Structure formats: C-alpha cells, structure tokens
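An overview of the molecular structure
In case you want the letters, here they are:
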Amino acid sequence: MKKKIITGSKLWSIAMITAMVTACSAPAATSSTANAATSTTGTTKTVSVSEQTSVKYADLVTMDADDTNVSWSATDSTTIKLNGTTASITGSGAKAANGSVTISAAGTYVLSGKLTDGQIVVNVADKGTVHLVLNGATINDNDSAAIYIQKAGKAIITLEEGTENAVSDGKTYVYADATTDEPDAAIFSKADLTFNGTGKLTVTGNYNEGITSKDDLKIVSGTINVKSADDGIKGKDMVAIQAGIITIDSEGDGIKSTNDTDTTKGFVAIAGGTFNIQSGSDGIQAETALVTDGGTFNIVTGGGSANAPEKVEEGPFGGGWGGGTPPADMGTPPDGEPPADMPSNNGTNAAGAVPSSSTNAKAPADSNADADTSTTTEEETTSAKALKAGVDLTVNGGTYTIDSMDDSLHSNNNVIVNDGKFSIESGDDGIHADQALTINGGTITIAKSYEGLEGAIITLNDGDVDVTASDDGVNASGEITATDADADAATTADDSTKAADTDTTAVSNTSVTETTGTTSTTDQSNQSTDTNSNARPQGGGPGGMPGESASNSELHINGGSLTVNAGGDGLDSNGSIYMTDGTVIVNGPTDNGNGPLDYDGTFEMSGGYLVAAGSSGMAQGTSDTSTQNTIVMTYPETQKAGTLVHVQDSEGNNILTFAPAKDYQSVVVSSPDLKKDGSYVIYSGGTSTGKAVDGLYTDGTYSGGTKVVAFQSTSNVTWVNESGVTTANTGMGPGGFGGGRNRTESGTTTDTTGTTDAAK
C-alpha cells in the first residue's frame, strides 16, 4: 500500500526560546556641504533588533539518568535471541508470535541474532521506561517498521560496546486500513526515544524515513549510519544530539524536527559529534530553533552547489541583465584560484560546462512544509539548505564543510554565528537571514555563492569572513517591521527587495523605525536630492533609479575582517551602511552595472580600514556624514588585475598598498590615518617588499611605481581622478544605473577643484 501524503501550510512561530537581548541603534545624521546650509528637523526613532545571542545546547536540553544509562546484567534483564522468523525469550515482559516480538512491560531487554522478516513492538500500558539493548542484532521487517515503539513512557536503545547492529524495512508497507499512515520509518517511536552506547547501528529506511520519534529524539553517543528514501533522522518535539558519529544518506532531509504548534518545541540542538550528511533536501532542518555548540559537519545537499539552478539578476526595469549572471572574471586572489564552476556570462562555468538543475534530489513527502517555498505554485521546489531554522539559527562553535545546492546557512528569522570554522560552497546564499544576521566570531570562508551574506540587518562584530560571490558579496536587503505608529509617515520602504528566500508567513520579531521630518536648504548649488526632494549626502556618489527610496535594511561593521570578491556589488545595502572598526577589503565587479559599494541611504564611516576596488560606472564612496576621511580614486581607463595602487601622504607615510584581484577603474580607501586637509600622492604599479594578505600589503617598502596624481584633500570624502580633486561620480557611467539604484542627481557641479599635480 502506498503511503498517503498529507500536506498543509505550516504556522511558523517567531517566539524566542530563551531570553533576548536588544541591539543596533543608529541615530539620524545632519548633512551639509561647503556651499549649502542644511537644517533637518524631525523625529528619530530607535532601531531595535531582538537577537538570540547566548542560547546554547544546555539551555534547551536536559539528559536524565535513563538517557545516559548503558548498564545491564543478565540477571536483571530479559534476553531475546532472534533466529530467522522466530525468537526465543528468557525472562518476563515479552512474547514471540507470528515472527514478531511484543514487549508489554517496562524493563531491560537484550536483543541478539537475526530476524529476517518480523517486528519488535513495544506496547507498555503503564507508560514505563523500556530499555532495549542491541547486542549484535539484525532486524528486518518487509512491510512495516522493524522496531515500533507503539506505547511507552520512554524508550532507550543502547548500542552495546563492540557490536554491530542493523535495522531495516521494506519498500512497501501494509497498513490496517486506508486511514492509517503510521509507522513510516525503519525505527518508529510514538514515545520519547534515546540512543546511547558505543556500538554501531546501521538503519536502512527503504520505505520512507530511517529513524522517527513523534516526541523527543535524543542521541547521547554511538555510531549511527542511516540511509533513507526520505528523511534520515526525524523528531517532532526535539532532536538533541550530545555526541556520536552520525552518517546519513537521505533522499529527503538529513536531520529534522517537525513540531509547528508549540513555540518551545520543534528545535534541533547539537552539543558535538561528527556528522557526514548527504541529503536530497535540507541537511539539518529545525522547525523552530537550530543550535550547534560544536562538532564536525560535512554536509552535501541537493547534489551540491554545482547542481544549483542558474540565477538571473533582475535588471532595473524588470527582466534580467544579459546572460542572467554577473561576469565570469572573479579574479585570481593571491592565495587561490577562483572556483572552476563559478557561473559565467554565457551560463557556463569556468570549465565550459552548463550547470544542471537538481535532477538527483528527490523532493520529500513533506517538502511543502518549508517556509521559504511558494504556496501559490503547483509544484514546489525542493529546499536543499545545509543548516536551516524556522526561527533562529545559532552557531556557537564547530567545524563545517558545506556544499549545498541552496543556502548553506539559512533562517526564516535570525542567524547568529558566535564561533566556528566554515568552508562553504553554496548554489545560492552562503549565509541568509530573513531578518538579522549577526557574526560575533569564527572563521568563515565562502568560496562559492550567488550572494555571500544576506539579511535585512547584517552585523559583523568580530571574526574573519572571506566571501566569493557571483552576484553581491554582502547584501543587506529585506524589510523590517516598523513598530511605531508613525511608520506610514516615514520614508516609503521599497516593496521589492533583493531577498531571494523570504518567508511570507513569518511575523518578524525584529523591528526598525526610521527618521521622519522635514529638510530645508538655503543653497542647493552643491546639494543633491532624490526624486522625492530628500537631501542625499554628497560623499556617497549619486546615481540610482527614479522613484525609489532607501529601505530600512542596514549593514553594520564593528570589528573583525571581511574580504569580498564579488561579480555584483561588493557591499550592498538597500538602506545604510555603518562602519566603526575592523578591516574590509572589496574586490568588486568589473562591469559598470554594479559597484564595489552600493547603498541607498548613507555610508557612515567612523573607524576601521576600508579598501574597495572595482568598476567606476556606479562607484560610490562613503557619505559626508562620516567622521573618518575617505579618498575615492577613479581612473580614465581600466587597470589590470594585480597592478598595485599605492597611496602615501606628503611625508611618505604609507596609507594604502593594495593589489586588486581583478581589473579595476576605481579605488575607495578610508583609514584613520587620512586627514581632512592632508596632502597625498597616488601611485600605480611598482612593487612592495611587505607581506600581502588578500592583496593588502603591510610593512615593507614600496618602490618603482608611476605617480598618478598629487592632491590636497578638501573634505572628509575626497574624489580624485588623474587631474586632481573632482566631484562625486554621477553613477551614470557606461552601463550604469547609479550606485544605489534609487536616487537621481540634481544641482550644479564643477569639474575640478583643489590643488593638483597630475602625473606626467
């Protein structure tokens, strides 16, 4: 009999499992230029984000004495010896009949031998604890679950030390009637189920799932191998893993929890262990929270990133940019080659092959449960994310090697990375949060992605992050729920975001409110405005699409290091960018349809070190509201990849020595060493004896370059070309539609100002 599939939309909860903390606040700034007097009045509202930053495994999971008990004795237990289609029983509480064994009393039962076509049934009326010890047992049932915990207070399965055990079912189940669809896994429990011990267990779920619990599912220890026609390991109220070596080969999800009605349940919590997961759908998926404290994870989903469908970047007037993907030239960074299968302009990878769609990934029976799957289409696409949470995804440590067809880390709410080492290749986003993405530490290498980091609010507080993306490297996009009653009076939020994976049923617990009010100017000769007559800071570089305005998305960089190699925008915010500390290196696009920096609000730079190189058509610098100074250099022609750009002050002190990984025509540098009224010289080419990390040289001596220009900075954001100080880029260069995609330039500008000493 075929299994009946019952589908339905799921209610995604955003309630937090542990206490929240509040973070993120950005005051409104008043902007002015040398030739314009500007006054701004209005109401400043606080940006607040609820984050689950401290939740750990121990906050969610408690192991009792039964969970960790592996001891037994022959005198205090019932022995069940399996033999073909029969079994001999020594002790009380169990009976053998018709090839199966039924356990009807609490106690310890030690199983050994081989059952070729039969079932171990636990049916304890008094809800006591049943302890099953697999002591070299092989159990198979051709038409139902091999181990069926029908009724008990709790079931414990101990894998006896030094033994190998196997449990399997058939491809077809026989049910009592048409309304019955359980059990549906090789090991199926309606009670809490715990695995412990140091032995080995191989589970083959030929019909549907490998291991399923309708309540709690805990793994304390053991070596467990699962191969399944659908999900590998599934628990309803929780999946909690303390340790063990777990290998899963599943057509559906690898590990998942399913409770969607109780916000305190439906989570997956992992303290440690070794995980080798190959799944057709999600690797590890939690209905609510997913928390990992440590462990070693090797995860491949949907056949890997090479199996991802081709992405098409939407053009400014709808439709796609020609070819559908950013340029293939991702450059060659000093410490490595670009991915061989990075998509190119003609839809092929570097080897000339066309990426295939996911043909080997079987959609699970309950794939409609994924919150990021459209509910309006006839056929739903398979979610093939590596780590996925319906509410919050918190990573406190561990080592992760991920090759995912879909997002590698994904949350329908918030993602918090506190520590860990990540090696990621993604067919979509490297790390995606529908709401807040916060990185507090760790080493994250995203060697391949469509977009590297994506979230409505992205915050980098610490850690080392290296991103390679065929489109945007870092993309702060998506709308945050406004909590103030005056939200409708605030600047209109852009309804069309760049988020590729938004859960339309989730209610956000992240709130952002904006600044409203009026702006008056006494002189607009050097004041830019958008199409709604809103003042725009001059330093950011104008440009954009008429009729659009900045969203409330934000990118915050407060520390750590971030290196980006992007085919699209390097750092992209549909709202604003705030940088207070840290080091950011951007190797941006080579085409003029994108920019190394792209923001629709402001880029307020108050600390840290920033260098961003790439095309010049949509180049932006930082905003003139910044308290740290910036130089933006644009070249009359493209500079070859690896050609050093060197900036020094009038006393010969090094400000920047940098070798961009790709061809470039603009360079932005912001450093605490830059002075508002300083004198500087820019050189091109030459060599340095210093040490280069991601193309940025430290220490050493620079020599042999050609002087491009000498100049005196005139403001906290100084735009320079080969002739000297000039005005900000209009953002409408060849192929460009403006740095922020939502602003137009107005007002009068002059070509060149300041003192210059052009290269000869």
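Predicted model only: the values in this text are computed from it and were never measured.

Considering the overall build of the protein chain
Helix and strand counts for the protein chain stand at two helices and 66 strands. A burial count over the protein chain gives 58% of its 760 residues as buried. A separation of at least 24 residues holds for 61% of the contacts in the protein chain among residues at least 6 apart in sequence. By element, 47% of the accessible surface of the protein chain is carried by carbon and sulfur atoms, the whole surface being about 27700 Å².

Remarks on the pattern of salt bridges
Should the charged atoms of two oppositely charged side chains come close, the side chains can pair. Summed over all chains, the structure comprises 11 salt bridges. Between Lys218 and Asp67 there is a salt bridge, with the nearest N and O atoms lying 3.1 Å from each other. In this pair, Lys218 is assigned in strand β18 (residues 216–219) and Asp67 in helix α2 (residues 65–68), connecting sequence segments 151 residues apart. Taken as a pair, Lys218 and Asp67 share a single burial class, namely buried.

Observations regarding the packing of aromatic side chains
In this structure the tally under the stated criterion is 10 aromatic pairs. Between Phe275 and Phe297, the aromatic rings sit 4.7 Å apart at their centres with planes inclined by 5 degrees, giving stacked as the arrangement. Pair noted here: Phe275 is in strand β25 (residues 274–279) and Phe297 is in strand β28 (residues 296–301), with a separation of 22 residues, a long-range link. Like Phe275, the residue Phe297 is buried in the burial classification. Between Tyr680 and Phe711, the ring centres sit 6.1 Å apart and the planes meet at 40 degrees, which makes this aromatic pair tilted. With Tyr680 in strand β58 (residues 679–684) and Phe711 in strand β63 (residues 706–712), this residue pair connects regions lying 31 residues apart in the sequence.

Focus: the environment of Asn418
Position of Asn418 among the secondary structure elements: in the loop between β33 (414–417) and β34 (421–426). Along the sequence, Asn418 and Asn440 sit 22 residues apart, while their C-alpha atoms lie 4.7 Å from each other. A distance of 2.8 Å separates the side chain of Asn418 from the side chain of Asn396, its partner in a polar contact.

Observations regarding the environment of Thr625
Topologically, Thr625 is positioned in the loop between β53 (609–614) and β54 (630–639). Given the relative accessible area of 17%, Thr625 is considered buried. Expressed as a C-alpha distance, the spacing of Thr625 and Val717, which sit 92 residues apart in the sequence, is 9.3 Å.

Notes on the pairing of strand β13 (residues 164–169)
The side chains of a regular strand alternate, residue by residue, between the two faces of the sheet. Two elements, strand β10 (residues 129–141) and β13, share four bridges in a ladder whose sense is parallel. By the bridge assignment, Asn140 is partnered in β13 with Ser168. The pairing of β13 with strand β16 (residues 200–205) spans five bridges and is parallel. Paired with Glu164 across the strands is Lys200, a residue of β16.

Considerations on the side chain of Ser553
For Ser553, the position within the fold is in the loop between β45 (535–536) and β46 (554–557). Among the polar contacts made by the side chain of Ser553, one reaches the main-chain carbonyl oxygen of Gly478 at a distance of 2.6 Å.

A look at the pairing of strand β40 (residues 464–469)
Pairing of strand β37 (residues 443–448) with β40, which is carried by four bridges, proceeds in the parallel orientation. Residue pairing in the sheet places Ile444 in a bridge with Val465 of β40. In terms of strand pairing, β40 meets strand β47 (residues 561–566) through six bridges, oriented parallel. Looking at β47, one finds that Asp464 is bridged to Ser561.

Brief notes about the side chain of Thr108
For Thr108, the position within the fold is in strand β8 (residues 107–115). On the basis of relative accessible area, Thr108 is assigned to the buried category, the value being 18%.

Topic: unusual backbone geometry
At the junction of Glu182 and Pro183, the peptide bond is cis and its omega measures out at 0 degrees in the coordinates. For Pro183, the location among the structural elements is in the loop between β13 and β14 (185–189). Although it is not a glycine, Lys127 adopts a positive phi angle of roughly 60 degrees. In this structure, Asp694 takes a positive phi of about 55 degrees despite not being glycine. For Asp694, the location among the structural elements is in the loop between β60 (691–693) and β61 (696–698).

Basis of the calculations
Residues numbered from 1 in each chain as written. Predicted model: local features only at pLDDT ≥ 70, side-chain atom pairs only at ≥ 80, totals over all residues. Heavy atoms only, no water. Helix = DSSP H or I, 4+ residues; strand = E, 2+ residues; numbered from the N terminus. Buried < 20%, exposed > 50% of the residue type's maximum accessible area, 1.4 Å probe, protein only. Contact = heavy atoms within 4.5 Å. Areas by Shrake-Rupley, 256 points an atom, 1.4 Å probe, with all protein chains shown as cover. Salt bridge = Lys/Arg side-chain N within 4 Å of Asp/Glu carboxyl O. Phe/Tyr/Trp six-rings, centres within 6.5 Å; stacked < 30°, edge-to-face > 60°. Polar contact = N/O pair within 3.5 Å; in protein donor to acceptor, adjacent residues only side chain to side chain. Pairing = 2+ DSSP bridges.

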